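# Breakdown of the fold
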Amino acid sequence: MDEKIGIRKIVVPGEEILENGKPGKGVFVENGKLYSSYLGILETRAGYVNVVPLSGCYIPKKGDKVIGKVIDVAPVNWVVDIRAPYYAPLHVNDVPWHVDFGYTARYLSIGDVILAKVSNVNELGQVWITLKEQGLRKLEGGHLIEISPSKVPRVIGKGGSMIQMLKDYTGCRIYVGQNGIIWVSGPPEGIVTVIKAIRMIENEAHTYGLTDRIKAFLEEERGEGNGNEE
Amino acid sequence: MGMKSDIKLIDDNGLRIDGRLPNQLRPIKMKVGVLQRADGSAYIEWGGNRIMAAVYGPREAYPKHVQEPDKAIVRARYSMAAFSVDERKRPGPDRRSIELGKVISEALESVIFVEKYPRTSIDVYIEVLQADAGTRVAGITVAALALADAGIPMRDLIVGCAAGKVDGVVVLDLNKEEDNYGEADVPMAILPRTKEIALLQMDGDMTYEELKAAMDMTFEATQSIHKMQIEALKRKYMEVE
C-alpha cells in the first residue's frame, strides 16, 4: 500500500467535538459542549455524534451473539469467558440438552468453545447467556481469532458484505461474535488467508476504502494459491 | 531535598546546570502501544526518566471484598526497577512507592468514568526503568496514555508536571541534582481541559507567592505536554502501512 490512504478523524479523551449533533455513544456533555470520552473515531449518524473506541473491552448487550470459552464447570452451570469485564454463567436450563445434576461436564468441559447469545444483562454488569436458540451450539475444531470488539462491525461490513466476501474467496466457515472473537473452520490455506485478512482489517479499521483493499488482497492470495497447485 | 552542597545550581546568566531556562522543560518523548499482552501500554522518556506503563482491565476485581458495587476501582502500582537509580534500589514495594501508588490511583480515578464498570478493577502498572526526578508526574502522564490506549473512557487526558525552588529561584521540571540539593519540589497533576488539580504535593518549603508562581508555571507547561500526549496517541493510528 504505497498510495495515500484516507484516515477517519481520530479524537482523544477530553477533546472537544465541534461537529453539531445530539450526543450519542462515547460522548459526554459539559456546559453545553460535546467532548469525546474515548480514543476513537468520530462518526455522525442520524443526527447523533458518536465516538467509536479504537480499543477496549466488550460490554455485553442483550441479544448479542458471542463466542465464549468454558473456563469452569459447576454442578448446575458452566462459567464462560466472553471477554467482558465479567464472567458469564451458563445455566443447565439454558442449554438444549437435558442435563442431570452434577453431570455438566459430560456436555461441555473446560476449554470448549461455544456460540451463545446474551439473554440478559443487569445494571450491576451481571450477564446471563443461553444456548437455547436456533444456530447456537458448541463449536468443534476450527481456529479462534481475537480482535477488538469495536472493530467487529468493520469485519462484518455493510450488510455483511465483508464477511461474505471472506467466505466466498476462502471457502471457510466463519462465525463472528460481537465480543470480538472470530471462529474459522475450513481448508488450512483458507484459514491462513482469513487470519491475514482479519489482521489487515484490524490494523486499518479507521481508514476509508477498506473493502476494496481487502478484495484486492484476497484476489492476490487466491492467485498465488492456484499457481502453487499446478 | 535539603541536602547541603556547594554546587551552584543556577549560574550567573540565570541558566540551570543542564543549561535550561527556569521555565523550560526537559525533552520529552512518548510512544503508545509498546506492549503486546497488556490491554493498553505506553512508554515515556522525560529527560533522564524512562517509564513504562501498562493497563489491564476493566476486569472483575479480586479479592471479592475490594469490589465496589457501583463503580470500578483504580489500582495503580508504582514501582522502581533495582537498576533505576545510582545505588541499587532494594526491589519491591516500600513506604515511598506505596504512597505514590495511592496518590496516582486517586489522581487517575478522578478522570476515569468509573461508574461505567461496576465491580471491576482497572489496574495500572507504572514501572520506572530509569529515574531522574519527577517520576511520579511522568508516571501519571504515561499512565494517561496507557489508559486511553486500553480504550477506557475518560473525562480528560491527565498530565503531570513538577515545579520547585532552586537557589531561591522558582524553576520548572527539576532534574536530579536540583531535586536533591534544591529547596522545594511541587509535583502536580492537572486536567488540561478544565484546569482542575488532581494531585498537588509539596516537599520542602516555599512562600505563598513562590508556590503560586510554581503552580502557574506548571499550568503553562502542562498545556504543551498535553499536546505531545495527543500527538503520541494519534501517531499510533496515522502510521498505516
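All figures in this text were calculated on a predicted structure; none of them were measured in a lab.

## Things to note about the sheet that holds strand β4 (residues 73–80) of chain B
Strand pairs in the sheet, formed through backbone hydrogen bonds, run parallel or antiparallel to each other. Residue and element names in this part refer to chain B. The five strands are arranged β1-β2-β3-β5-β4 in an open sheet whose pairing can be described as mixed. Edge positions in the open sheet fall to β1 (28–32) and β4, since each of these has one partner strand only. Along the sheet, successive strands turn relative to each other by an average axial angle of 15°, direction set aside. In the sheet, strand β2 (residues 40–46) pairs with strand β3 (residues 49–60) via seven bridges, with the strands oriented antiparallel. Each bridged residue has a counterpart across the sheet, and for Ser 41 the counterpart in β3 is Ala 54. Along the sheet, helix α2 (residues 135–149) contacts β1, β2, β3, β4 and β5 (120–130); its crossing angle with β2, the most-contacted strand, is approximately 150°. Of the strands in this sheet, β1 and β2 are in contact with helix α4 (residues 208–238), which crosses β1 at around 35°.

## So, the interface of chain A and chain B
Each partner contributes residues to the interface: chain A has 31 residues there, and chain B has 29 residues. Counting the surface lost from both chain A and chain B, the interface buries some 2500 Å², and carbon and sulfur atoms represent 61% of this. On the chain A side of the interface with chain B, the three residues burying the most area are Pro 13, Leu 39 and Tyr 86 of chain A, jointly 20% of the side's total. On inspection of chain A and its partner chain B, the count reaches two salt bridges. Its salt-bridge partner being Glu 15 of chain A, residue Lys 234 of chain B comes within 3.5 Å of it at the nearest N-O pair. Elements supplying a minimum of two residues to the side of chain A that touches chain B: β4 (27–30) and β5 (33–36) of chain A. Residue composition of the side of chain A that touches chain B, by class: 17 nonpolar, 10 polar and four charged.

## Digging into the domain arrangement of chain A
As far as domains go, chain A holds domain 1 (10–53), domain 2 (65–139) and domain 3 (143–221). A straight line from the C-alpha centre of domain 1 of chain A to that of domain 3 of chain A covers 28 Å.

## Some details on the packing of aromatic side chains
The full count for this structure, using the stated rule, is five aromatic pairs over all chains. Three or more aromatic residues joined by ring pairs form one cluster here, namely Phe 28 and Tyr 35 of chain A together with Phe 113 of chain B. Lying over the aromatic face of Trp 183 of chain A, Arg 137 of chain A brings its terminal NZ or CZ to 5.9 Å of the ring centre. A cation over a ring is seen here: Arg 193 of chain B above Tyr 35 of chain A, with NZ or CZ 4.0 Å from the ring centre.

## With respect to the sheet that holds β4 of chain A
Residue and element names in this part refer to chain A. Across the sheet, three strands lie side by side as β2-β5-β4; this open sheet has antiparallel pairing. Edge positions in the sheet fall to β2 (16–17) and β4, since each has one partner strand and no second. As judged from the four bridges shared by β4 and β5, these two strands associate in the antiparallel manner. Looking at the pairing, Val 29 lines up with Leu 34 of β5.

## Digging into α2 of chain B
All names here are of chain B. In this model α2 runs 21 Å from its N-terminal to its C-terminal C-alpha over 15 residues, within 8% of the 21 Å that 1.5 Å per residue would give. Of all 15 residues making up α2, 15 are buried, and the element is well covered by its neighbours. Of the residues one or two after α2, Gly 151 is the one with positive phi, at around 75°.

## Digging into a nonpolar patch on the surface
Together, Ile 71 and Tyr 87 of chain A together with Tyr 62 of chain B give the surface a local cluster of nonpolar side chains, amounting to about 280 Å² of exposed area. As for its position among the elements, Tyr 87 of chain A is in the loop between β9 (77–81) and β10 (88–91). Overall, the relative accessible area of 39% leaves Tyr 87 of chain A in the partly exposed class.

## Here's the deal with the packing of α2 of chain B against α4 of chain B
The description of two helices packed together rests on the angle between their axes and the distance between the axes. Residues and elements named next belong to chain B. Contact pair α2 / α4: the axes reach a minimum separation of 11 Å and the direction vectors enclose 35°. You can see that α2 and α4 cross each other, and the crossing is right-handed. For the pair α2 and α4, contact is made by Thr 141, Ala 144, Leu 145, Ala 148 and Asp 149 and by Ile 225, Gln 229, Leu 233, Lys 236 and Tyr 237, respectively. A breakdown of the residues in the contact of α2 with α4 according to their chemical character gives six nonpolar, two polar and two charged.

## As for the pattern of salt bridges
Note that side chains of opposite charge can pair when their charged atoms are close. All names here are of chain B. In this structure the tally under the stated criterion is 30 salt bridges over all chains. The salt bridge partner of Arg 20 is Glu 178, with a shortest N-O separation of 3.8 Å. Remark: Glu 178 occurs in helix α3 (residues 176–181) and Arg 20 occurs in the segment before β1; sequence separation between them is 158 residues. You'll find Arg 20 and Glu 178 in the same group, each marked buried. A salt bridge links Arg 95 to Glu 99; the nearest nitrogen and oxygen atoms lie 3.2 Å apart. Here Glu 99 and Arg 95 lie together in helix α1 (residues 95–109), a separation of four residues that amounts to about one turn. Judged by relative accessible area, Arg 95 falls into the exposed class, the value being 63%. Through salt bridges with shared partners, a single ionic network connects Arg 16, Asp 18, Arg 20, Arg 26, Asp 132, Asp 173 and Glu 178.

## Side note on the packing of α1 of chain B against α2 of chain B
All names here are of chain B. Between α1 and α2, whose axes approach to 11 Å, the crossing angle comes to 45°. Judged on the interaxial angle alone, α2 and α1 are oblique. In terms of crossing hand, the pair formed by α1 and α2 is right-handed. Listed contacts from α2 to Arg 96, Glu 99, Leu 100, Ile 104, Ala 107 and Leu 108 of α1 are Thr 135, Arg 136, Ile 140, Ala 143 and Leu 147. Among the residues making up the contact of α1 with α2, the classes are represented as seven nonpolar, one polar and three charged.

## A word on the nonpolar core
All names here are of chain B. By size, the foremost hydrophobic cluster in this structure holds 80 residues, and its most contacted members are Ile 104, Leu 108, Ile 112, Leu 147 and Ile 158. The element that contributes the greatest number of residues to this core is α4, accounting for 10 residues. Ignoring any residue separated from it by four or fewer positions in sequence, one finds Ile 104 in contact with Ala 76, Tyr 78, Ile 126, Arg 136 and Ile 140.

Cut-offs applied
- Residues numbered from 1 in each chain as written.
- Chains lettered and ligands numbered in written order.
- Predicted model: local features only at pLDDT ≥ 70, side-chain atom pairs only at ≥ 80, totals over all residues.
- Heavy atoms only, no water.
- Pairing = 2+ DSSP bridges.
- Helix = DSSP H or I, 4+ residues; strand = E, 2+ residues; numbered from the N terminus.
- Axes fitted to C-alpha atoms, helices over the stretch in contact; angles between N-to-C directions.
- Contact = heavy atoms within 4.5 Å.
- Buried area = accessible area lost by both parts, 1.4 Å probe.
- Salt bridge = Lys/Arg side-chain N within 4 Å of Asp/Glu carboxyl O.
- Nonpolar A, V, L, I, M, F, W, Y, C, P; charged D, E, K, R; others polar.
- Domains from an automatic or database assignment.
- Phe/Tyr/Trp six-rings, centres within 6.5 Å; stacked < 30°, edge-to-face > 60°.
- Lys NZ or Arg CZ within 6 Å of the ring centre and 35° of its normal.
- Expected span 1.5 Å × (residues − 1).
- Buried < 20%, exposed > 50% of the residue type's maximum accessible area, 1.4 Å probe, protein only.
- Patch = residues over 30% accessible without salt bridge, like charges linked within 9 Å, V, L, I, M, F, W, Y side chains within 5 Å.
- Areas by Shrake-Rupley, 256 points an atom, 1.4 Å probe, with all protein chains shown as cover.
- Left-handed = near helix turned anticlockwise from the far one by under 90°.
- Parallel < 35°, antiparallel > 145°, perpendicular 65-115°, else oblique.
- Core = buried A, V, L, I, M, F, W, Y, C linked by side-chain atoms within 4.5 Å.

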